[in-house]
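Observations on chain architecture
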Amino acid sequence: MIEFENVSKSFWTGKQRKVILDQASFRVDLGNSLGILAPNGTGKTTIINMMAGLEKPDEGRVVRTSRISFPLGFMGGVVSRHTATENARYIAKLYGLDPDYVEAFCRWLCGINEYFDMPIGTYSQGMRSRFSFALMLALEFDIYLIDEGMPSTTDVEFNRKAGNILRERLETATVVIVSHRAKTLEKFCRSAAVLRDGHLYMFDTLEEAKRLYDYETQG
């Protein structure tokens, strides 16, 4: 479970204060995947980062009682001067998992051959994305966090393998995905919310959320 209790978050843009959340309270329960619709630049990534514990609210608190993933594409725990092998084994130990398993899983899923034994700092953006996604899937969480703004990969074989694994995981896990497109949420979520002027409006169905979102963005 993830719960936001009277959470406020804002940033100073240099010209004005941009409010992301204003005394927002909502909850994500296990088994009820949530999609959040919001236009670009309104704070989707910030909300995902607060769920993961990467950013703190200005006010209020975020309660986590489950195993929550880092956001898909997040590379903060990865050391660029180390190889994928070294990073996979180190992070496996942090999570109390078998380093041999995590390394083998990531090596198989990434499909980057000899590059797996080279420093991650030498990788292309696509290769880094593949390693980050593989690492997230290797660790197994109760709630997976997905930000549509995270880098994606164009490798067809990787997308096929990773997509199949993610679909299997989501049969027993929960996902929170933020996007500016309702179509992106259709594969993952039944319930949805709309971020608008610092408030998160929760709906039981994606269709209900879409009606408000379309009215706001197209009206």
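Everything below is about the structure shown above.
Every chain is numbered independently, its residues counted from 1 as its sequence is written. Residues qualify for local features only when their pLDDT is at least 70, as the model is predicted, and side-chain atom pairs are given and counted only at 80 or more; totals for whole chains, interfaces and linings, by contrast, use all residues. Each side-chain value is derived from all of the structure's non-hydrogen atoms; neither hydrogens nor water enter the calculation.

Turning to the overall build of the protein chain, a few remarks are in order. Each helix corresponds to a stretch of at least 4 residues labelled H or I by DSSP, and each strand to a stretch of at least 2 residues labelled E; elements are numbered beginning at the N terminus. Summing up its helical and strand segments, the protein chain has 7 helices and 8 strands in all. We compute the radius of gyration over the C-alpha atoms and compare it with the globule rule, which gives 2.2 Å times the number of residues raised to the power 0.38. Taken over C-alpha atoms, the radius of gyration comes to 18 Å for the protein chain, in line with the 17 Å a tight globule of 219 residues would show. Each principal axis of the C-alpha distribution contributes one length, and for the protein chain these read about 50 × 35 × 30 Å. Every one of the 219 residues in the protein chain was classed for burial, and the buried ones make up 48%. Here, residues are in contact when the closest pair of their heavy atoms is within 4.5 Å. Sequence-distant contacts, at least 24 apart, represent 67% of the contacts inside the protein chain between residues at least 6 apart. Only the protein chains shown count as covering a residue, and every accessible area follows the Shrake-Rupley method with a 1.4 Å probe. Accessible surface, the protein chain as shown: approximately 11300 Å² in total, 48% of it carbon and sulfur. His residues and chain termini do not enter the charge count, which takes Lys and Arg as positive and Asp and Glu as negative. Each charge is placed at NZ for Lys, CZ for Arg, CG for Asp and CD for Glu. In the protein chain, 27 positive and 28 negative side-chain charges are present, and the distance between their average locations comes to 3 Å. Each residue's exposure class comes from its accessible area (1.4 Å probe, protein chains only) as a fraction of the maximum for that residue type: buried when under 20%, exposed when over 50%, partly exposed otherwise.

We now examine the sheet that holds strand β4 (residues 59-64). At least two bridges found by DSSP between two strands are what make those strands a pair. Judged by pairing direction, the sheet is antiparallel, and its 3 strands sit side by side in the order β2-β1-β4 without closing on themselves. Lying at the two open borders of the sheet, with one neighbouring strand each, are β2 (17-28) and β4. Across the sheet, the mean angle separating the axes of adjacent strands is 25° when strand polarity is ignored. Inspection of the sheet shows strand β1 (residues 2-12) paired to β4 by 5 bridges, in the antiparallel sense. Across the sheet, serine 8 pairs through a bridge with glutamate 59, a residue of β4. Working convention: axes come from line fits to C-alpha atoms, limited for helices to the stretch in contact. Angles between N-to-C directions cover 0 to 180 degrees. Contacts from helix α1 (residues 44-52) reach β1, β2 and β4 within the one sheet, and its direction differs from that of β1 by about 130°.

With that out of the way, let us pick up helix α4 (residues 125-139). By this rule, a helix spans an expected 1.5 Å times one less than how many residues it contains. Look at α4: 22 Å from first C-alpha to last across 15 residues, which is about the 21 Å you get at 1.5 Å a residue. A positive phi of about 60° marks glutamate 140, the residue just after α4.

Here we take up the environment of isoleucine 112. By secondary structure assignment, the location of isoleucine 112 is in the loop between α3 (99-110) and α4. With a relative accessible area of 6%, isoleucine 112 lands in the buried category. For the pair isoleucine 112 and serine 132, spaced 20 residues apart in sequence, the C-alpha separation works out to 13 Å. With residues up to four places along the chain from it excluded, the contact list for isoleucine 112 reads Tyr123, Met127 and Arg130.

Another point: the environment of phenylalanine 188. Tracing the sequence through the fold places phenylalanine 188 in the loop between α6 (182-186) and β7 (191-196). Residue class for phenylalanine 188 comes out partly exposed when judged on its relative accessible area of 25%. Phenylalanine 188 sits 11 residues away from isoleucine 177 along the chain, and the two C-alpha atoms are 7.9 Å apart. Non-local contacts of phenylalanine 188, meaning those with residues more than four positions away in its chain, are made with Ser33, Leu166, Leu170, Val175 and Ile177.

Another point: the pattern of salt bridges. Take a side-chain nitrogen of Lys or Arg and a carboxyl oxygen of Asp or Glu: if they are within 4 Å of each other, that pair is a salt bridge. This structure, assessed with the given rule, holds 13 salt bridges. Of the charged contacts, one joins glutamate 55 and lysine 9 as a salt bridge, the two residues approaching to 4.0 Å between their closest N and O atoms. Of this pair, glutamate 55 sits in the loop between α1 and β4 while lysine 9 is found in strand β1, placing the two residues 46 residues apart along the sequence. On the basis of relative accessibility, which here comes to 9%, the residue lysine 9 falls in the buried class. Between glutamate 103 and arginine 107 there is a salt bridge, with the nearest N and O atoms lying 3.0 Å from each other. One end of the pair is glutamate 103 and the other is arginine 107, both in helix α3 and 4 residues apart, which spans about a single turn.

The next thing to look at is unusual backbone geometry. Across the chain, the bulk of peptide bonds are trans and the bulk of non-glycine residues have phi less than zero. One non-glycine residue with positive phi stands out, namely asparagine 6, at about 50°. The residue asparagine 6 is located in strand β1 in this model.

On to the pairing of β2, then. As judged from the 8 bridges shared by β1 and β2, these two strands associate in the antiparallel manner. Residue pairing in the sheet places serine 10 in a bridge with valine 19 of β2. Linkage of β1 to β2, two consecutive antiparallel strands, is achieved through a turn of 4 residues, within which glycine 14 is found at a positive phi near 105°.

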